[in-house]
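Spelled out from the first residue to the last, the chains are:
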Amino acid sequence: MPRYKIMMLRLGFTLLALVLSGPTVAFVPIGGGVSTHVSITGTSLLQKVTETCRAVAQAAGHEFKPTGSSPGELVQACLGPTATGEVSGVKFQSALQEIYIQNGIVDRNFVNSAPHHFNSEAFLEGRSLITKGMASIKANIRSGNFKAARETLGRVLHTLQDFYSHSNWVELGNTEPYVTLIRPDLPLENLADIDTATCSDCTTGTCPNPILPNILNGKKLTSGYMGVISAAKPQGKCSHGGEADLSSTAVPRGGISKDERRSDNVAFHNAAVNAATAASLQLLEDIRLTVGNNDFLRLMGIARSSVVVFVIDNTASMSDDIVEARNTVYKLIDIKKGTQDEPSEYILVTFNDPHFGPLFRTTDPDQMKAEISKITVSGGGDIPEMCLSGLQLALTGSPASSHIYIFTDAPAKDIHLKDTIVALIRSTKSTVSFYYTGKTRRRRRSVRAASFIDYKDLALASGGQAIEVSKSQLAQATDVILDTSTSALVTVFQSTRDPGKPETFSFMLEESLQNITIYITGLSLSFTLTNPAGVSQSDRQTTGVLASIQAVGNLRRIRLHADSQPGSWRISIDSKQPYTIKVTGQSTITFIYDFVESFKGPHPGYAVLSGLPQAGQPATLILTVMGRKGPSSIRVENVGVVVPHTGVERNGTATDMGSGDFLVTVDEVPAGEFVVILKGTEMSSGAFQRQSTTQMSVSKVIIQATVDRSVEPGENFKLPFSVMTQGPSGNFAITARNDKDFPMSYPSSLKLTTGTYTNGTLTITAPSDTTSGTDATLTLEAKSSNGVDSNYAVLSLSIVTKITDFVQPVCEVVSVSADDCPHDLSQCSFFEWELSANLTDGNGTGIESISIRQGDGTLFYTSLSAPSIQANYNASCCSQIVEFVAIDEVGNVGKCYHSIVRSGGRAAVGPSIPLLLCLLMLVWTLKNGSA
């Protein structure tokens, strides 16, 4: 199983084929006949996603029939036949990768924490991590904080899976999951105490089963002790085992870990893998029942298109702009409704001075129309507004890779947030575009005075556009929003020149690319576009042989004709003024990436960098390639980085890890901001190229900080952090901000010595009335005294009210009436059966919802606010099974099941069946998390 730990690289979409090929899902062996945390997590997630998609499809009245095993094909089948257009699986893949990465990072951040791995008989503490984590996940999902929920889910699954590898659960003969681990209302029983010896001495270090007979016979639960720093352990106790475990050399020697499959432990390793997979499915099912199918799929990143975010200045001078923003939203909704390009979520933030927010979010387009129609203008006067505060709220409140559009006619008053905004852009990989209708001063009045240049900088950092137009031109410029708020949007090429100079740029277009658009921003420029056959069109030809050209303000929008020839294209731009160029299109051929660093320890691996890669060192990234028919249809020819400002490119060395995953090392990272570039060939479309949008850079400063749990409202939460520089020693300014404006205290500066970490502590307090499930984004930055070098860490804090209610709702059957159901099922449609029950939550928080999970009948129930809820269900005798689920206010699940099916397929009728058999057939199971 873990060595099920080391390879968080192999994200393995080959798992999809296994999930979709049949009802039985086995673990996937990776590298030397072992299973990893990634393979176990991936198998479980993909099976649960498939079950959920099938249930959603059936409820919508259509079949769930993926045409293949690629993520895009799974998402297409899950979304159903009504949404037409290109479908990308990139958000699904990204969501899975977030979970995998957080799963693996437990081995770095909590290497010496026994509860995180169920080492050293830390059963109570380990279960507490799981149950508190589940409460946090459910609260986050209910609040729409899916990223925070995914991160916690990855960590919780790691701890849960480790129980089966690190304890003697399977040696005791157990084959099913230990449900008590996710049920804090059930007692952890029969634990070996500290004074009870549990293992015999294993001189070879690899004995098949060193557990003492009295432990096995008495069904006592124990786990191995892990000595990362010391060999000490209580007398007679089992060790984890392995070279990194110092305690395994102390008598009793050896270990009981089933992380690796060896010749002496094959059966136990396989049993642990199977149990860990089943337990992961059990936990996922509990979450799914609590939050519902739709939100579970959103947690997994399965949605139609990108999230669209509008950040709008609502000061008095913005009346015309707001009207156009409103018209754009209406147009976007009306044109894309019912298509694959329909946004999966809409977010709206307003700002002025001194106010900004709140953030409004909805998946309902009509609600978005209603909300944006409510915007009224007021205030203003001193021109600069709180634009960056509104943008910060949008970046932290939106999912990763969102498209954010800002409407304003004024520079930013809160320019001090600029570095924080850049950090958030890099962390979220969201694209930010500005629609600016104010008067531009070409030069800044002072170092601190904001201007349109700042908006250009932020747009460039994100891969977005800074569009400067008059108020009368704004309507013509908003077509860019319709272009970019689409499914399967990819960036083919992007570059910038400041100062401007005449230059010819080349880029590759493949056959599958659709809706190809070139954007140029800048003043006093001309250009000529040339296709692979040598046919050209100049900017003076607004409708030509190659494209239609729209000029408005500083924007040139060049829309290529649908029959554009694939191959190498060129565009020659002539200007002495600064300009940018960007080429986009729609395609399922794309990639996702993360910069990573390796870590050592008992279970080494790779962890995603929270900030910038280290200067003077090779940069390492994990890159996953996706195509229309999966990664097997793509040949990767080059992965590297390129500087958009200069065109300087550095190729990387790519190691193919299989299933579309590559470990890429760039030995020499060029100076300045850079993006990732990918070139290759797709089997049916030919040569292609792609670029990432978010600009990165390198730094000699390193910040390390880890959030290890959720935060309770009213609690003073202490966050230790460490800072180091590989550059000159000196004082470094420390800055921290959070998007909820929670009170914080931290050192304003730290004195750093080259090559040595210096520690600090940040204290943050969420007010006692903070809503459970709130996610606060914390940005921590360290900057040298001369401002030349800096780095950052972006952390999520989940605010979760302490839960004391762990008891699931209870169901008591009052009556079942199925006497009229005929023996002959061909006549079943003419008859009905009924069931009535009482549901209560005892002394709990109260039942929040009741819903049918199985059955085609109708469920009625009395007020949920009553202490006892009366539920009545009636259905055709053709629908002979009913299962409905009761969820209480904190997410505890009670699941009720009843069947009127007799063996042989006939309906049960009272008078002809013995009473005992009737009672046996009335089976009510109330489970929290069981499938």
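Treat the numbers as computed from the prediction; the structure is a model and nothing was measured.

On to the overall build of the protein, then. Scanning the protein for helices and strands turns up 18 helices and 39 strands. In terms of overall size, the protein behaves like a compact globule, its C-alpha atoms giving a radius of gyration of 30 Å where 931 residues would be expected to give roughly 30 Å. Along the first, second and third principal axes, the C-alpha set of the protein runs to 90 × 75 × 55 Å. When contacts within the protein are restricted to residue pairs at least 6 apart in sequence, long-range pairs at least 24 apart make up 73% of them.

Turning to the sheet that holds strand S38 (residues 881–888), a few remarks are in order. Across the sheet, which stays open at both edges, the three strands sit in the order S35-S38-S39 with antiparallel pairing between neighbours. For this open sheet the edge positions go to strand S35 (847–854) and strand S39 (893–899), each flanked by a neighbour on one side alone. Between one strand and the next, the sheet's axes are offset by a mean angle of 20°, whatever the strand orientation. Here six bridges tie S35 to S38, and the two strands are oriented antiparallel to one another. When the bridges of S38 are listed, Ile847 appears paired with Asp888. Contacts from helix H9 (residues 266–291) reach S35, S38 and S39 within the one sheet, and its direction differs from that of S39 by about 90°.

Turning next to the pairing of strand S26 (residues 716–725). Counting buried residues along S26, seven of its ten residues qualify, which places the element largely inside the surrounding structure. Note that S26 and strand S30 (residues 758–765) share eight bridges and pair antiparallel. Note that in S30 the partner of Leu719 across the bridge is Leu762.

A separate point is the sheet that holds strand S31 (residues 774–784). The strand order S29-S27-S31-S32 describes an open sheet built from four strands, whose pairing is antiparallel. The outermost strands of the open sheet, each flanked by one partner alone, are strand S29 (749–752) and strand S32 (790–799). The mean inter-strand angle of the sheet, taken between neighbouring strand axes irrespective of direction, is 25°. Alignment of S31 against S32, held across ten bridges, turns out to be antiparallel. Directly across from Ala776, in S32, lies its bridge partner Leu797.

Moving on: the state of the cysteines. The final tally for this structure, using the stated rule, is five disulfides. In this model Cys199 forms its disulfide with Cys238; the gap between the sulfur atoms is 1.9 Å. The sign of the S-S torsion, about 95°, decides the handedness of the disulfide formed by Cys199 and Cys238: right-handed. With Cys199 in the loop between helix H7 (146–166) and helix H8 (213–217) and Cys238 in the loop between H8 and H9, this residue pair connects regions lying 39 residues apart in the sequence. No difference in accessibility class separates Cys199 from Cys238, as the two residues are buried. What pairs with Cys821 in a disulfide is Cys877, and their sulfur atoms sit 2.0 Å apart. Taking the torsion about the sulfur-sulfur bond, which here is approximately -80°, the covalent link between Cys821 and Cys877 counts as left-handed. One end of the pair, Cys821, is in the loop between strand S33 (810–817) and strand S34 (832–840); the other, Cys877, is in the loop between strand S37 (868–876) and S38, with 56 residues separating them in the sequence. In this structure, Cys821 and Cys877 share a single accessibility class: buried.

A separate point is helix H11 (residues 319–336). Taking 1.5 Å per residue as the helical rise, H11 with its 18 residues ought to reach 26 Å, and the 26 Å between its terminal C-alpha atoms agrees with that figure. All of the buried residues in H11 are Asp321, Ile322, Glu324, Ala325, Arg326, Thr328, Val329, Leu332, Ile333 and Lys336. Buried residues in H11 make contact with strand S1 (307–313), strand S2 (345–351), helix H12 (365–373), strand S4 (403–408), helix H16 (474–477) and helix H17 (479–484). Of the residues flanking the end of H11, it is Gly338, one or two places downstream, whose phi is positive at about 85°.

Okay, the packing of helix H14 (residues 418–428) against helix H15 (residues 452–462) next. At a minimum axis distance of 9 Å, the contact between H14 and H15 shows a crossing angle of 20°. Considering their axes alone, H14 and H15 lie roughly parallel with respect to each other. Relative to H15, the crossing made by H14 is right-handed. Facing H14, whose interface residues are Lys418, Ile421, Val422 and Ile425, H15 presents Asp454, Asp457, Leu458, Ala461 and Ser462. A class-by-class count of the residues in the contact of H14 with H15 yields five nonpolar, one polar and three charged.

With that out of the way, let us pick up the nonpolar core. Counting 55 residues, the largest nonpolar core has Leu388, Leu391, Ile404, Ile406, Phe434 and Leu623 as its most contacted members. Of the residues forming this core, the biggest block, six residues, is contributed by helix H13 (residues 387–397). Leave out the neighbours within four places in its chain, and Leu391 touches Val311, Ile404, Ile406, Ile421, Val432, Phe434 and Leu458. Ranked by size, the runner-up nonpolar core spans 53 residues in total, among them Cys78, Phe163, Tyr178 and Phe296.

Among the secondary structure elements, Leu181 is positioned in the loop between H7 and H8. Using a relative accessible area of 0% as the deciding quantity, one classes Leu181 as buried. Once residues within four sequence positions are removed from consideration, Leu181 is found in contact with Phe118, Arg127, Ile130, Thr131, Leu160, Phe163, Tyr164 and Leu188.

With that settled, consider unusual backbone geometry. The peptide bond linking Asp353 to Pro354 adopts the cis configuration, its omega dihedral lying at 15°. Summarising the element assignment, Pro354 is placed in the loop between S2 and strand S3 (356–362). For Asn190, which is not glycine, the phi torsion reads 60° and is therefore positive. Structurally, Asn190 is set in the loop between H7 and H8. Phi is positive for Lys429, close to 60°, though the residue is something other than glycine. Within the element layout of this structure, Lys429 appears in the loop between H14 and strand S5 (431–436). By relative accessible area, which is 23% here, Lys429 ends up partly exposed.

What counts, and at which threshold
- Residues numbered from 1 in each chain as written.
- Predicted model: local features only at pLDDT ≥ 70, side-chain atom pairs only at ≥ 80, totals over all residues.
- Heavy atoms only, no water.
- Helix = DSSP H or I, 4+ residues; strand = E, 2+ residues; numbered from the N terminus.
- Rg over C-alpha atoms; globule rule 2.2 N^0.38 Å.
- Contact = heavy atoms within 4.5 Å.
- Pairing = 2+ DSSP bridges.
- Axes fitted to C-alpha atoms, helices over the stretch in contact; angles between N-to-C directions.
- Buried < 20%, exposed > 50% of the residue type's maximum accessible area, 1.4 Å probe, protein only.
- Disulfide = S-S within 2.5 Å.
- Expected span 1.5 Å × (residues − 1).
- Parallel < 35°, antiparallel > 145°, perpendicular 65-115°, else oblique.
- Left-handed = near helix turned anticlockwise from the far one by under 90°.
- Nonpolar A, V, L, I, M, F, W, Y, C, P; charged D, E, K, R; others polar.
- Core = buried A, V, L, I, M, F, W, Y, C linked by side-chain atoms within 4.5 Å.

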